[in-house]
Amino acid sequence: MILRMGKISCKEASRLISQAMDERLSFGQRVKLRLHLVLCDACRNFSGNLLLVRRAVARLFEK
Amino acid sequence: MAKDFRKEVEALRPYLVRYASIQLRGTDAVEDVVQETLLAALAAEATFAGRSNLRTWITGILKHKIIDVIRQSSRHRALDAVDGEESAEDFDALFDETGHWRDPPHAWPHPEDALQEKQFVAALEKCLAALPARNSQVFLMREHLGSETAEICKELGITSTHCWVLLYRARMALRACLEKGWLRK
């Protein structure tokens, strides 16, 4: 039942991934996103890409 | 005032201009903000005494001035804030009808050496410059100035949903741009 409630598309997952970088997701959102990420390489990569961008932006003017 | 201090502060001007230009793109406030920052820094030499890094200290002053400018200009622009209010629909094209990626994101290699890192940062700056001004402003307030989302919404007089959509858009656009401009070069 949790699995059924947890089904979200990559499109929704991409939004939650971005949102999670700015605020704490609700419990339901976190469960859905986590379940999705376990099964989806593309969204895991997407999330990794965004984190790399975040780190680079933070260091943008350091050098 | 010590001559050296003035010289060191002046030497940071090009860096400050570059920093302010990215965050205040599309406004004519860059020169003013930098000038004010330099003056404030020179006037506050005594406060600086004993701190280790001049650049970090001056950047701190500049950040505050930039946020002031953004706050003021967003007051004037609060009414046309509707641009982009509509949600994140522009990215529908990236997904098929079932919500799957049409072009699934790949894992990016981490820029390991200095040269790769430099190329990545150069591509990133280009991609940032290609974002709509308001998008990059919100994005940089969040990612570079480190503001909390709630604070950004308040400063810019926009709803939290709008704020979130702008951040999502900026990230989607930057990711796509970097994949084209940096990874597939």
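Values in this document were obtained by computation on a predicted structure and should not be read as measured data.

Enquirer: I tried to follow the overall build of chain A on my own but got confused; where do I start?
Expert: Along chain A, the regular secondary structure elements total 4 helices and 0 strands. Taken across its 63 residues, chain A has 25% of its residues classed as buried.

Enquirer: In this structure, what is going on with the overall build of chain B? I would like to understand it.
Expert: A tally of regular secondary structure across chain B gives 9 helices and 0 strands. Ordered by position in the sequence, the α and β elements of chain B form the string α-α-α-α-α-α-α-α-α. Counting only residues that meet the buried cut, chain B has 28% of its 185 residues in that class. Here the contacts in chain B between residues at least 6 apart in sequence split such that 69% fall between residues at least 24 apart.

Enquirer: Which parts of the structure should I look at to understand helix α4 (residues 41-58) of chain A?
Expert: Three or four residues apart is the spacing at which side chains of an α-helix point the same way, because the helix has 3.6 residues per turn. Between the first and last C-alpha of α4(A) there are 26 Å, a value that for 18 residues agrees with the 26 Å anticipated at 1.5 Å per step. Residues of α4(A) that are buried include every one of C43(A), F46(A), S47(A), N49(A), L50(A) and V53(A), and no others. Burial along α4(A) is one-sided: seen end-on, the buried residues are contained in an arc of 160 degrees. Along α4(A), the residues that are exposed and aim more than 90 degrees away from the buried face are D41(A), R55(A) and A58(A). Here the buried face of α4(A) lies against α2 (10-20) and α3 (27-39) of chain A together with α9 (160-183) of chain B.

Enquirer: Would you mind showing me how to read the packing of helix α7 (residues 133-143) of chain B against α9(B) here?
Expert: The packing of two helices is summarised by the inter-axis angle and the distance between the axes. All names here are of chain B. Two numbers describe how α7 lies on α9: the axes approach to 9 Å, and their chain directions differ by 95 degrees. By the criterion of interaxial angle, the relationship of α7 to α9 is roughly perpendicular. When α7 is examined against α9, the residues R134, N135, S136, V138, F139 and R142 are found in contact with a partner set consisting of C163, L166, L167, R169 and A170. Broken down by class, the residue content of the contact of α7 with α9 amounts to 6 nonpolar, 2 polar and 3 charged.

Enquirer: How should I be thinking about the environment of K7(A) in this particular structure?
Expert: Residues and elements named next belong to chain A. Tracing the sequence through the fold places K7 in the loop between α1 (2-6) and α2. The exposure class assigned to K7 is exposed, which follows from the 11 C-beta atoms found within 10 Å. Along the chain, K7 and L60 lie 53 residues apart, while their C-alpha atoms are 37 Å from each other.

Enquirer: So what exactly am I meant to see when it comes to the interface of chain B and chain A here?
Expert: A common way to state how big an interface is: give the accessible area lost once the parts meet. On the side of chain A, 23 residues touch chain B, which itself brings 27 residues to the contact. Contributions of two or more residues to the side of chain B that touches chain A are made by α6 (114-130), α7 and α9 of chain B. When residues in the side of chain B that touches chain A are grouped by element, the largest group, 7 residues, is from α9(B). Classifying every residue of the side of chain B that touches chain A gives 16 nonpolar, 7 polar and 4 charged.

Enquirer: Can you walk me through the domain arrangement of chain B in this structure?
Expert: Residue and element names in this part refer to chain B. Split by domain assignment, chain B resolves into domain 1 (3-78) and domain 2 (83-183). Computed over C-alpha atoms, the centres of domain 1 and domain 2 are 25 Å apart. On the domain 2 side, the residues contacting the 11 residues of domain 1 number 10 residues. Breaking the side of domain 1 that touches domain 2 down by element, the ones donating at least two residues are α2 (13-23) and α5 (54-77). Here the side of domain 1 that touches domain 2 takes 6 residues from α5, the largest share from any one element. Grouping the amino acids of the side of domain 1 that touches domain 2 by side-chain chemistry returns 4 nonpolar, 3 polar and 4 charged.

Basis of the calculations
Residues numbered from 1 in each chain as written. Chains lettered and ligands numbered in written order. Predicted model: local features only at pLDDT ≥ 70, side-chain atom pairs only at ≥ 80, totals over all residues. Helix = DSSP H or I, 4+ residues; strand = E, 2+ residues; numbered from the N terminus. Buried ≥ 20, exposed ≤ 12 C-beta atoms within 10 Å, placed from the backbone. Contact = placed C-beta atoms within 7 Å. Expected span 1.5 Å × (residues − 1). Arc of directions from axis to C-beta. Axes fitted to C-alpha atoms, helices over the stretch in contact; angles between N-to-C directions. Parallel < 35°, antiparallel > 145°, perpendicular 65-115°, else oblique. Nonpolar A, V, L, I, M, F, W, Y, C, P; charged D, E, K, R; others polar. Domains from an automatic or database assignment.

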